[in-house]
Every structure is written in C-alpha cells, then in structure tokens.
Amino acid sequence: MKNNTSTETKLSFPTFSKFFHSLFPTFRKLFHWLFSWPIIRRVLITSAVVVTLVVSFYTVELVRGKWAWNNYVAEVEARGESLDIAALIPPPVPDEENFAMIPLFRDTLHFKRPLDASKQLDLGPHFKSLKSVEKPEAKSRLSWQKGERTDLSDWQRYYRSEGNPESEEKIPTALNPQSPAEDVLLALTLRKDGLDKLQEGSLRRHSRFPIDYEANFAALLPHLYLLKQASLTLRYRALAHLAAGNSELAFQDTILGVYLRDTIKSEPFLISHLVRYSINSIMIQPVWEGIADGKWNENQLKVFQEVFEGYNWLADFKQTMRGERAFSILTLDMIADSSETYAHFLGYDKESPLSHFLFPRGWIYQNKLNICRWEDRSLSDIVNEKNMTLDMEQVTSLDIENGNLKSSPYHFFARMMVPALSQATLQLAQAQTVSDRAAIACAIERYRLATGSLPKTLDQLVPIYIETLPHDVINGEPLIYRQEGNRRYLLYSVGSDQSDDGGDFEKDWVWLYEAAPDSNAANASN
C-alpha cells in the first residue's frame, strides 16, 4: 500500500508542475498585453474623457447655479430688499432701556451654546415665578374663539383639592373656601413676585433679547416659553380681577400681557411670530369676557381699541419671512463650507468629508434659489399688507405644489427647509382677524355704553367710535355683523373655506357677544 501511495504522489506532482508551467506563458502574454502602450494609451484617454466629463458636469452646474443665483440677488436688490440677515437683526439697545435685561431674564436665561443641561431643565426661582399656575392636564382650554367663558369655580376646586397642580410647589389656599375669584387670586400670589418684576420692566421703552443670531436656526429662544407662560397667568389673574369687580387691575394685567406680546416683535424668526399670535389670542380672553359682562369703561375700551386696530400683522409677517429667507441662505452657505454642518443637517452620526466634497456647489446655489422663490410667494403673491388681504387661491395651491414638488437635487435641501407656508399664512389671517374683530367689538361696546343699545349696522360706528372699519382679510369684503336682539350679536370672518356658514364656530372665525344675565350689559339693555 505504501509503495502505491508513493507512486501516486510522484506521478501527480509532475502533472501539476507541467500544468502550471503551461499557464505561465498565458499569464506572461496577458501581462504584456495589459501594460502594452496601446492599452495604456486607451486607459489614459478613457480616464481623461471621464475626468473631463466630471469636471465639465461640476463646472456647468456651478456656472448655471451661480448665474441663476446672481440674477436673483440682482432682482431682490432692485426691489430695495436685502438678503443679508445682518440687515434684519434688531439693533443693540442700552441695558437700562432694555426690557430683556431686567434681572428676571438676565440672571435666568441662557442663549449661548454649549448649554448646561441642568440649567436648561431648571432655570431656578425666576423660572418658577413666571410659570402659569393651571391644570397641567387642561390641554384643550376654553376659548373666546369658541364662545366659551372661563369657569373660575373649576379652578377654585382644583386649587383647594389635595392634588395641587405642581408637586414642587404648595398652592396658597384659605382655611375656608372664599369666592372663586378670591381663591384663584390667592393661588396666583405664587407668581406675584415675577409678575411684579414684569410690570416694573414694562416701563422700559425697548426690548431686545440677547439671541445668538450666528447660530442661525439653531439659536436658543428660551424666553418664548416664559413669555407665553406669563401671559397665561396674566389672563387668569385678569379674569379673576374682573369677577372680583376690580376692572382696573384686570385692565393692567391685560395691557401687560399685550406688552409681552410686543417684546419679541423685532425678532426675525417665524416661531417668534407664532408665539406672538398665541399671546395675542390669550390676552383677548379677558377683553372678550369683560365686554360681555359690561365691566370695561370708556377709557379702558379706547385703549384696548387703539392697541388692536393699530396692528398690521400682515406687514410683520412679511418681515418675518424675510428673516426666514435670510436664515435659509445662511444655513446653505454653512452647509457648503462645513462638512460637519453638512453631516449634522442630514442627520449623519459622524462627518462625511467625501460626500460633502462630492456634493456639487452648483446645487447649493439652486437650492438657495428655490427656497427663496418659494418663500417669496408670501412676500409678493400671497400677502398684501397694503390692501390687508390674502390671496386664498395661492394659499390653497401651496400645499398642492409642495406635495407635487419633484425629487431633484435642486430641491434636495429646499424640501427639508421650506416652512409650511400655507399653515403659517392661515395663522396670520386668523391673527389679523382676531385683532380686527377685537377693535370693532370695543367700538361696539363704546357705542352701547353711550346709547344703551347695540348698533343695527357697523356703519353706525363710523366715524365717532371707529375711524374706518377693517375688512375681512380672507376675501376683502366687510366682516359680517349680525345683531340678534339687544343682548347678542355675531361678528365674524368667513374663514379659510371662504364661505359664509352663518357664524358656525367650526367653519367661520367668530366673535360672539352674549351679555350674561347678571352683567352690566344685560341690565343696561333691559
């Protein structure tokens, strides 16, 4: 057996060796062919063609994108507008004249990154002094926009219950139940220190929070939450003062809330603008209830009316959209210059230098152009701040066009960065209509106080009680006024569906006046 195995091994080795040597000439010929001059020349020519095509592609995209962008910049400058965010940032304000620099904010808020996580979660006693004292589970609050009054007895029961709304704080309560208004006012003394400091700060003429504008869309805006929370507390306190029969204190709280609304007017952020909308609506609740209950006097109503009728939300919105446009441009410039920003924007866990390097700069120009063209719709086609109207057909088409936007490298960043303009413009229309209806309602109440009855038409208010009547921003037509006896009327806009639905709260934007049976308004009517 051993001899046979040895023989087999000896026979196989020469066979493999011969096979290997038989292939060697083939490999040698292939090697010589691959590295022959004709083949090398072809490879060099092909590589040169590919490189030329790639360079041509990048060059063409860059030239095309830059040319289109430069034409747009020239067009904007010809309109007298600026694309530089520096032109939109509010100018510095001396600290002693700056509401944002009162100790309540200066010693509490942090606007620079990196931010201490502990401070972000707990802003100390100043933060607590501005939080609203209310039911945390009350997500859907009663609203004048639904014709709903605030039930102070509900809050009274809650504050007096063992489960106080904030576990870290003890809500002050009387030993024995008082009136709902008195118990609510007692509970809100928890916020008196912070509100007093806001009242004192409201004497300052200017407001400019120290926002880090270089951070662009990543800028920290902690003051927005505190201002809104403070306005909620002011609303409840004003309502409690009204119920307690102290209209002057209610008036002061309401005016302070309106002042807080305007402290962020100069900020070129859409989110700041939306918070202002919210604060404006929050502070109208006591105005609305005070009118229905006949609690405001002539002088107070005149001040409220001047506050609301002097507001042009459409013009402010345009300025905000110029800010959004400028920030979008700056963001894309940062993406073009930094692989870190590029990776962060796309949600990558780490930098991707190669991907960032390969992204054509011409596409950045095209994305900037498309973002600006899209946002320009709100600056030209949709919002007319002079005629005080919105083009609702354009608003409706925004969502359709955005949904049909083709997937293209020219829209790659634009699709992620363009705000929901249709929703924002509808909120704008509501904000303007809110202020317009509030101003007219104040004029109607002044008419009622003077004559003892409601006007049969709004024209009876002009010019003694209101100089001009604002129209419906939705369709440019007069706001609809429907008197129902001498104790009730509806004042409304047709709303986003552009149809008169008879004052339906679900479809129209309604201001309902309905005098309470025990109100001064009802007694005067009787």
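Going along each chain's sequence as written, the residues are numbered from 1 onward. Where local features are concerned, this predicted model is filtered to residues with pLDDT of at least 70; where side-chain atom pairs are given and counted, the filter is 80 or more; whole-chain, interface and lining totals use all residues. Each side-chain value is worked out from all heavy atoms of the structure, with water and hydrogens disregarded.

Chemist: In this structure, what is going on with the nonpolar core? I would like to understand it.
Modeler: One broad rule of soluble globular proteins: the nonpolar side chains tend to lie buried together. Think of a nonpolar core as a cluster: buried Ala, Val, Leu, Ile, Met, Phe, Trp, Tyr and Cys residues, connected wherever their side-chain atoms sit within 4.5 Å. Each residue gets one of three labels from its accessible area relative to the maximum for its type: buried under 20%, exposed over 50%, partly exposed in between, using a 1.4 Å probe on protein chains only. Counting residues in each nonpolar core, the largest one holds 38 residues, and the members touching the most others are Phe317, Phe413 and Leu428. The set of elements that each furnish at least two residues to this core consists of α11 (270-292), α13 (313-337), α16 (361-382), α17 (392-403), α18 (414-417) and α19 (421-451). Secondary structure follows DSSP: runs of H or I at least 4 residues long count as helices, runs of E at least 2 residues long count as strands, and numbering of each begins at the N terminus. The biggest single contributor to this core is α13, with seven residues. Contacts between residues were defined by any pair of non-hydrogen atoms, one from each residue, lying within 4.5 Å. Ignoring anything within four residues of it in the chain, the contact list for Phe317 reads Leu270, His273, Tyr277, Ser378, Val383, Ala424, Thr425 and Leu428. Formed by 34 residues, the second largest nonpolar core is a distinct cluster that contains Leu242, Trp296, Ile440 and Ala441.

Chemist: How should I be thinking about the packing of aromatic side chains in this particular structure?
Modeler: Centre-to-centre distance and the angle between the planes together describe a pair of aromatic rings. Paired rings are identified among Phe, Tyr and Trp, the last through its six-membered ring, by centres lying within 6.5 Å, and are further divided according to the angle between planes into stacked (under 30 degrees), edge-to-face (over 60) and tilted (the rest). Tallied over the entire structure, the rule returns 25 aromatic pairs. Considering the side-chain rings of Phe269 and Phe327, the 4.8 Å spacing of their centres and the 10 degrees angle between planes classify their relative orientation as stacked. With Phe269 in the loop between α10 (247-262) and α11 and Phe327 in helix α13, this residue pair connects regions lying 58 residues apart in the sequence. Like Phe327, Phe269 is buried.

Chemist: Got a minute to help me understand the packing of helix α9 (residues 222-243) against α10 in this structure?
Modeler: Helix-helix packing is described using two parameters, namely the angle between the two axes and the distance between the axes. At a closest axis distance of 8 Å, the pairing of α9 and α10 adopts a crossing angle of 165 degrees. Our classification of the angle between α9 and α10 gives roughly antiparallel. Remark: the crossing between α9 and α10 carries left-handed chirality. Across the interface between the two elements, Leu227, Ala230, Ser231, Leu234, Arg237, Ala238, His241 and Leu242 of α9 pack against Ser247, Leu249, Ala250, Asp253, Thr254, Leu256, Gly257 and Leu260 of α10. Each residue belonging to the contact of α9 with α10 can be placed in one class, and the counts come to nine nonpolar, five polar and two charged. All axes are obtained by fitting lines to C-alpha atoms, using only the stretch in contact for helices, and the reported angles, taken between N-to-C directions, cover 0 to 180 degrees. Here roughly perpendicular refers to angles of 65 to 115 degrees, roughly parallel to angles under 35, roughly antiparallel to angles over 145, and oblique to all remaining angles. Helix crossings are classified by the rotation of the near helix relative to the far one: an anticlockwise turn of less than a right angle makes the crossing left-handed, while a clockwise turn makes it right-handed. Only Asp, Glu, Lys and Arg are considered charged, only Ala, Val, Leu, Ile, Met, Phe, Trp, Tyr, Cys and Pro nonpolar, and every remaining residue, Gly among them, polar.

Chemist: How should the confidence of the model for the chain be read in this particular structure?
Modeler: Parts of the prediction with low pLDDT should not have their coordinates interpreted in detail. Note on scores: pLDDT gives the predictor's confidence for each residue, bounded by 0 and 100. Chain-level statistics for the chain give a pLDDT mean of 84 and a share of 82% at 70 or above. Note on residues 1-13: pLDDT under 50 across the span, and zero contacts to partners over four residues away in sequence or across chains. Counted against residues more than four places away or in other chains, residues 136-140, with its pLDDT under 50, gives five contacts.

Chemist: I'm lost on helix α14 (residues 339-346) in this one. Help?
Modeler: Because each turn of an α-helix spans 3.6 residues, side chains separated by three or four positions end up pointing in the same direction. Among all positions of α14, only Ser339, Tyr342 and Ala343 are buried. Buried residues in α14, looked at end-on, bunch into an arc of 95 degrees, giving them a common side. Opposite its buried face, α14 presents the exposed residues Glu340 and His344, each directed more than 90 degrees away. Buried residues along α14 sit in contact with α13 and α15 (353-358). What the arc covers is the set of directions going from the helix axis to the C-beta atoms.

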